[in-house]
Amino acid sequence: MKRGLSTPGGLPIVALPAIVIVILPVVAVMWRTNWSSFFSSITSDSSRTALNLSLQTSLAATFMALIFGTPLAWLLANREFKFKSLIRALCVLPMVLPPVVGGVALLYAFGRRGLIGAVLDEWFGIQLAFTETAAVLAQFFIAAPFFIVVMEAAFGQVDQRVVGTARTFGAGPWRTFVTITLGLVRPSLIAALVLTWARALGEFGATIAFAGNTPGRTQTVPLAVYSQLESGDDSALALSMLMMIVCVVALVALRGTWVSALRRGGQ
Amino acid sequence: MGKCIAQRWTVSLEIDCRLRRDKFSLDACFAVAAGSVLAITGTNGSGKTSTLDMIAGLLACSEGKISLSSKVFDDSTTNQFVQPELRGVSTVFQGGGLFSHLTVEKNILFGRGSMFRSTPRFDATIEQFNLNGLLKRKPSTLSGGQRQRVALARAFLAPSEILLLDEPTSSLDAISRDEVRRAMKTFFETYNGVVILVSHDDAEISALATAVINIKLASGMTTAYQLGHNL
């Protein structure tokens, strides 16, 4: 018997299935990956095309989240306005929505016969659906909520008295926002960007519904993995393994900062 | 307007304004001459910090007027409001209001203070507040007393016409409190702007202030006060 305060017994045993279910698939992919052909599989033409496309589209979606998500998160954290809770709920909706439903919704909004898509097509001859732009929009739709949620929490944690102090010492509203507010939330901002990028990189459902599965145009890595699995291609495993490595590296690089950022909203 | 301000000085901060909130109402009416130190005391929640916020420009008066000599900061009748960065007010708010992502040096040289980068005046301020060796550190690595000294150094270095200090020594232990008070006393002797010091400490008030007003929570929600005695 150990001396000291007792804790609920048996919890580790009940927690075990959670660990197994999460970790075992990772191990399984590592085990089944053909490491001798790993490099040639991920550098094959079709894999390289998918990797290039995924890199471009996910970075574009993350950049969009940064540019449009930052002001929105700040407004949600600092200003009171009409329908604020409704807007917040709608912003977070894609996090819980089945991604494929999101893709269908995007189609009805920006598709050729969609709400805005019809106007774009008729007036400007712009067709978004089933293009590379559609893949970016699908990723933005699914991943941006992660950015907005993390950043709203971060902005909410910023001490308004500190911001006010910067104003009294002579910094205007914009200078204060850039040098003080954004400086204070920087750890959260980096965490939010990595999280958003990782989510955009893994997007599947919304992309296949709204952008389709055209190799070289809209077939991102997750779609390529799916297609390769369908056709019994072994490089599916290699690409899966690569995605896993990228995600693990991203999380390790953050060294848990995103966890604390989610918890405390930074600082 | 200005009924409660009995005396006028050539350069003075004049406040005659009301702040109305859902469950809070504040009537502030007093004047402070340049070169004097006005202490404000009062219970928690009586509106001391709100008063400082209105002077600094972080809050607008619901009605009334704030002016420094002929410069109008805030006037509800003419719809004037000068932004805080244009008022020339240096502040030490509770907790110091330091920028936790910047070094001590960058905190002190922020905004108006930046004109004194690598000047004798900067060195003298660092010396006065005993901040040598801390310049490259981040505020989170400092003790409460050190942080407060940084906040005061920043407020003293930046040129200002009004200095607002919200309980600048409340978070300090007895030894650093004496140290900080001596530094404040030395600074006030040569400072020719208006100083407003919020404090609960009688010894501090009698050592530093030239006038005192006491904010009382009167008639439930309303706080009203006037200048107790002029110099």
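This one's a predicted model, so the numbers in the text were calculated from it and none came from an experiment.

Colleague: How should I be thinking about the overall build of chain B in this particular structure?
Modeller: Scanning chain B for helices and strands turns up six helices and 11 strands. Within chain B, buried positions represent 56% of all 231 residues. As presented, chain B carries roughly 10200 Å² of accessible surface, and 51% of it is formed by carbon and sulfur atoms.

Colleague: Just to check I follow, could you spell out the overall build of chain A for this structure?
Modeller: For chain A, the count of helices and strands is 14 helices and zero strands. In chain A, the order of α-helices and β-strands from amino to carboxyl end is α-α-α-α-α-α-α-α-α-α-α-α-α-α. Expressed along its principal axes, the backbone C-alpha trace of chain A runs to roughly 80 × 65 × 30 Å. For chain A, the proportion of its 267 residues judged to be buried stands at 39%. As displayed, chain A has an accessible area near 15000 Å², and 69% of this comes from carbon and sulfur atoms. Positive and negative side-chain charges of chain A, numbering 19 and 11 respectively, have mean locations separated by a distance of 17 Å.

Colleague: Could you clarify how one ought to interpret the pairing of strand β5 (residues 71-75) of chain B in this entry?
Modeller: The side chains of a regular strand alternate between both faces of the sheet. Residue and element names in this part refer to chain B. Alignment of strand β4 (residues 63-68) against β5, held across four bridges, turns out to be antiparallel. Pairing of L68 across the sheet is with K71, part of β5. Counted between consecutive antiparallel strands, the loop separating β4 from β5 contains two residues, among which S69 sits at a positive phi close to 50°. One ladder, built from two bridges, connects β5 with strand β6 (residues 80-81); its direction is antiparallel. Paired with D75 across the strands is Q80, a residue of β6. Between the end of β5 and the start of β6, which pair antiparallel, lie four residues, with N79 showing a positive phi angle near 60°.

Colleague: How should the pattern of salt bridges be read in this particular structure?
Modeller: Pairing between side chains of opposite charge can happen when their charged atoms approach one another. Under the defined criterion, the tally for this structure stands at 12 salt bridges over all chains. The residue A:E80 makes a salt bridge to A:K84 at a minimum N-O spacing of 3.3 Å. A:E80 gets classed as exposed once you look at its relative accessible area, which sits at 69%. Of the charged contacts, one joins B:E161 and B:K71 as a salt bridge, the two residues approaching to 2.7 Å between their closest N and O atoms. Remark: B:K71 occurs in strand β5 and B:E161 occurs in the loop between α4 (144-157) and β8 (162-166); sequence separation between them is 90 residues. Judged by its relative accessible area of 38%, B:K71 falls in the partly exposed class. Among the ionic contacts, a cluster of salt bridges with common partners joins B:D16, B:R18, B:D27 and B:E63.

Colleague: How should I be thinking about the side chain of B:R18 in this particular structure?
Modeller: Residue and element names in this part refer to chain B. Relative to the elements of secondary structure, R18 occurs in strand β1 (residues 12-21). Exposure remark for R18: the relative accessible area of 17% places this residue in the buried category. Within polar-contact distance, the side chain of R18 engages the side chain of D27 at 3.4 Å. When neighbours within four sequence positions are excluded, R18 is seen to be in contact with L26, D27, C61, S62, E63 and G64.

Colleague: Could you clarify how one ought to interpret the interface of chain A and chain B in this entry?
Modeller: Many structure descriptions define interface size as the accessible area lost when the parts assemble. If you look at the interface, chain A gives 17 residues, while chain B gives 23 residues. For the pair chain A and chain B, the two sides together bury roughly 1700 Å², of which 62% comes from carbon and sulfur. Its largest share of buried area at the contact with chain B, chain A owes to A:R161, A:T168 and A:F169, together 45% of the area lost on that side. Remark: the boundary between chain A and chain B carries two salt bridges. For A:R167, the salt bridge is made with B:E85, and the minimal N-O distance between the two is 2.8 Å. Put simply, chain A and chain B have seven residue pairs in polar contact (both at pLDDT 80 or more) between them. Per-element tally for the side of chain A that touches chain B: the top contributor is helix α8 (residues 160-168) of chain A, with seven residues. Tallied by class, residues from the side of chain A that touches chain B come to seven nonpolar, seven polar and three charged.

Colleague: What is the right way to look at a nonpolar patch on the surface in this model?
Modeller: All names here are of chain A. Taken together, the side chains of L16, I19, V20, V22, I23, L24, V26, V27, M30, W35, I245 and V249 present a nonpolar region at the surface, about 1100 Å² in accessible area. Contributions of two or more residues to the nonpolar patch are made by α1 (11-32) and α13 (235-254). Looking at the nonpolar patch, the element that brings in the most residues is α1, giving nine residues. Tracing the backbone shows L24 in helix α1. Here L24 falls in the exposed class, since its relative accessible area comes to 53%.

Colleague: Would you mind showing me how to read the packing of aromatic side chains here?
Modeller: Remark: the centre distance and the inter-plane angle together describe each pair of aromatic rings, the angle taken between the planes. Under the definition given, this model contains 12 aromatic pairs over all chains. Relative to A:Y226, the ring of A:F204 lies with its centre 5.3 Å away and its plane at 65°, an arrangement referred to as edge-to-face. Highlighted residues: A:F204 in the loop between α10 (186-201) and α11 (205-210) and A:Y226 in helix α12 (residues 221-230), separated in sequence by 22 residues. An aromatic cluster is built from B:F129, B:F156, B:F187, B:F188 and B:Y191, whose rings are joined through pairwise contacts.

Colleague: I would appreciate a short explanation of the pairing of strand β2 (residues 24-33) of chain B in the present structure.
Modeller: All names here are of chain B. By the criterion of burial, β2 is predominantly enclosed, with 10 of the 10 residues buried. Pairing analysis gives 10 bridges linking β1 to β2, with the strands arranged antiparallel. Paired with C17 across the two strands is A28, which belongs to β2.

Colleague: Explain the nonpolar core to me, please; I cannot follow it from the model alone.
Modeller: It is characteristic of soluble globular proteins that their nonpolar side chains tend to be buried jointly. Grouped together as the largest cluster of nonpolar side chains are 61 residues, with contacts concentrated most on A:M151, B:I108, B:F156, B:L163, B:L165 and B:F188. Take this core: its biggest share by element is seven residues, from α4(B). B:L163 has contacts with B:S90, B:A155, B:F156, B:F187, B:F188, B:Y191, B:V194, B:V195 and B:I196, leaving out every residue within four places of it along the chain. Core analysis: the second largest hydrophobic core is formed by 29 residues, B:L26, B:F30, B:I196 and B:V198 among them.

Colleague: Is there a simple way to think about α12(A) in this case?
Modeller: What sets the pattern is the α-helix's 3.6 residues per turn: residues three or four places apart point alike. Residues and elements named next belong to chain A. Those residues of α12 that sit buried are V221, P222, L223, A224, V225 and Q228. Of the surrounding elements, those touching the buried residues of α12 are α3 (45-78), α10, α11 and α13. Of the residues one or two after α12, G232 is the one with positive phi, at around 70°.

Rules used in this analysis
- Residues numbered from 1 in each chain as written.
- Chains lettered and ligands numbered in written order.
- Predicted model: local features only at pLDDT ≥ 70, side-chain atom pairs only at ≥ 80, totals over all residues.
- Heavy atoms only, no water.
- Helix = DSSP H or I, 4+ residues; strand = E, 2+ residues; numbered from the N terminus.
- Buried < 20%, exposed > 50% of the residue type's maximum accessible area, 1.4 Å probe, protein only.
- Areas by Shrake-Rupley, 256 points an atom, 1.4 Å probe, with all protein chains shown as cover.
- Lys, Arg positive; Asp, Glu negative; His and termini not counted.
- Charge placed at Lys NZ, Arg CZ, Asp CG, Glu CD.
- Pairing = 2+ DSSP bridges.
- Salt bridge = Lys/Arg side-chain N within 4 Å of Asp/Glu carboxyl O.
- Polar contact = N/O pair within 3.5 Å; in protein donor to acceptor, adjacent residues only side chain to side chain.
- Contact = heavy atoms within 4.5 Å.
- Buried area = accessible area lost by both parts, 1.4 Å probe.
- Nonpolar A, V, L, I, M, F, W, Y, C, P; charged D, E, K, R; others polar.
- Patch = residues over 30% accessible without salt bridge, like charges linked within 9 Å, V, L, I, M, F, W, Y side chains within 5 Å.
- Phe/Tyr/Trp six-rings, centres within 6.5 Å; stacked < 30°, edge-to-face > 60°.
- Core = buried A, V, L, I, M, F, W, Y, C linked by side-chain atoms within 4.5 Å.

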